[in-house]
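Spelled out, the chains give:
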Amino acid sequence: AQKVTQAQTEISVVEKEDVTLDCVYETRDTTYYLFWYKQPPSGELVFLIRRNSFDEQNEISGRYSWNFQKSTSSFNFTITASQVVDSAVYFCALRSSGTYKYIFGTGTRLKVLA
Amino acid sequence: EAGVTQSPTHLIKTRGQQATLRCSPISGHTSVYWYQQALGLGLQFLLWYDEGEERNRGNFPPRFSGRQFPNYSSELNVNALELEDSALYLCASSPDRWEGYTFGSGTRLTVV
């Protein structure tokens, strides 16, 4: 069975703090893709990153960075020097090769306080 | 380039009625996906359409149905509405299986 777990329901930080959002996944497939999406209050899901199972290289994009570790089945997302505009719900998702269906975690609501 | 557009933004229906939600994918995208985001339940996969055909559906009753038109736009129909159908319905499109979805802003359906 496939599953994505985001154990942190809600996180509150003060602006400029670093924050890490955890994502743990389960799959028996050897080829799969992991995603992070941001859902601001407007409701639209914004694509942040896609990582395939063969590429464990960590990635940094501005204040965002992602740590993919197959050994622990985790794909964590860190925001450095958080800003109020980062306040949103963040979803981690899994898709196996050969299927179009995404399995989403329940999301983590991030509140960045000024 | 226009993104994925959904209409209406908000929809209020009474129990037992039917609701129709619409989605226009990004130009050139042939696949359309529907997800339900109910309070506290995260995102649940509803339906996938590609090239006018329903390719896959999630674990939802037959009251949830839809179609995809020749221009790749899509409709989601929910019959015999129940209170628990109240949710944000998100539509997404993709050009192929290797890319991430692009989501619309959603239709918030409220059943009273």
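Fair warning: this is a prediction, and the values are worked out from it, not measured in the lab.

(A) Region of interest: the interface of chain B and chain A. Chain B puts 19 residues into the contact, and the matching count from chain A is 18 residues. With both chains or domains summed, chain B and chain A bury close to 1,800 Å², and 55% of this area falls on carbon and sulfur atoms. Between the two partners, chain B and chain A, sit 0 salt bridges. Counting the contacts that link chain B with chain A gives 4 residue pairs in polar contact (both at pLDDT 80 or more).

(B) Examining unusual backbone geometry more closely. With an omega of -10 degrees, the peptide bond between Ser7 of chain B and Pro8 of chain B qualifies as cis. Positionally, Pro8 of chain B belongs in the loop between strand 1 (5–7) and strand 2 (10–13). Phi is positive for Ala81 of chain A, which is not a glycine, with a value near 50 degrees. Relative to the helices and strands, Ala81 of chain A resides in the loop between strand 9 (74–79) and strand 10 (88–96). Unlike most non-glycine residues, Glu51 of chain B shows phi in positive territory, near 50 degrees. Along the chain, Glu51 of chain B falls in the loop between strand 5 (42–50) and strand 6 (53–57). Take Glu51 of chain B: its relative accessible area is 45%, and that puts it in the partly exposed class.

(C) Region of the structure containing the side chain of Ser82 of chain A. Structurally, Ser82 of chain A can be placed in the loop between strand 9 and strand 10. Setting aside residues up to four positions removed in sequence, Ser82 of chain A forms contacts with Val13, Val14, Glu15, Lys16, Glu17, Arg63 and Val112 of chain A.

(D) A look at the layout of surface pockets. By volume, the largest pocket is sized at about 750 Å³. Around the largest pocket sit 35 residues that line it, and Gln39, Val89 and Arg109 of chain A together with Gln37 and Leu39 of chain B are the ones nearest its centre. Put simply, the parts of the chain that give the lining of the largest pocket at least two residues each are strand 10 and strand 12 (108–113) of chain A together with strand 4 (31–38), strand 9 (87–94) and strand 11 (107–111) of chain B. Among the residues making up the lining of the largest pocket, the classes are represented as 13 nonpolar, 19 polar and 3 charged. When its volume is computed, the second largest pocket comes out at roughly 150 Å³. As for the second largest pocket, its lining consists of Lys101, Tyr102, Ile103 and Phe104 of chain A together with Leu43, Gln44, Phe45, Gly58, Asn59 and Phe60 of chain B. Of all the secondary structure elements, the ones that give two or more residues to the lining of the second largest pocket are strand 11 (103–104) of chain A together with strand 5 of chain B. Here the lining of the second largest pocket gets 3 residues from one element, more than from any other, and that element is strand 5 of chain B. When grouped by side-chain class, the residues that make up the lining of the second largest pocket number 6 nonpolar, 3 polar and 1 charged.

(E) View of the state of the cysteines. Counted under the stated rule, the structure contains 2 disulfides over all chains. Disulfide pairing is shown between Cys23 of chain A and Cys92 of chain A; the S-S distance is 1.9 Å. Residues Cys23 of chain A and Cys92 of chain A are joined by a disulfide whose S-S torsion is about -65 degrees; by sign, that bridge is left-handed. Of this pair, Cys23 of chain A sits in the loop between strand 3 (19–21) and strand 4 (24–26) while Cys92 of chain A sits in strand 10, and the two are 69 residues apart along the sequence. When its relative accessible area of 0% is taken as the criterion, Cys23 of chain A is described as buried. When its relative accessible area of 0% is taken as the criterion, Cys92 of chain A is described as buried. Covalently, Cys23 of chain B is tied to Cys91 of chain B through a disulfide, its sulfur atoms 1.8 Å apart. Between Cys23 of chain B and Cys91 of chain B the disulfide shows an S-S torsion of about -60 degrees. By sign, it is left-handed. Of this pair, Cys23 of chain B sits in strand 3 (residues 19–24) while Cys91 of chain B sits in strand 9, and the two are 68 residues apart along the sequence. Assigned by exposure class, Cys23 of chain B and Cys91 of chain B land together as buried.

Calculation notes
Residues numbered from 1 in each chain as written. Chains lettered and ligands numbered in written order. Predicted model: local features only at pLDDT ≥ 70, side-chain atom pairs only at ≥ 80, totals over all residues. Heavy atoms only, no water. Contact = heavy atoms within 4.5 Å. Buried area = accessible area lost by both parts, 1.4 Å probe. Salt bridge = Lys/Arg side-chain N within 4 Å of Asp/Glu carboxyl O. Polar contact = N/O pair within 3.5 Å; in protein donor to acceptor, adjacent residues only side chain to side chain. Helix = DSSP H or I, 4+ residues; strand = E, 2+ residues; numbered from the N terminus. Buried < 20%, exposed > 50% of the residue type's maximum accessible area, 1.4 Å probe, protein only. 1 Å grid on protein atoms, 1.4 Å probe; cavity = no way out; pocket = protein on both sides within 12 Å on 5 of 7 lines; lining within 4 Å. Points joined across faces, edges and corners; volume = space filled by probe spheres on them. Nonpolar A, V, L, I, M, F, W, Y, C, P; charged D, E, K, R; others polar. Disulfide = S-S within 2.5 Å.

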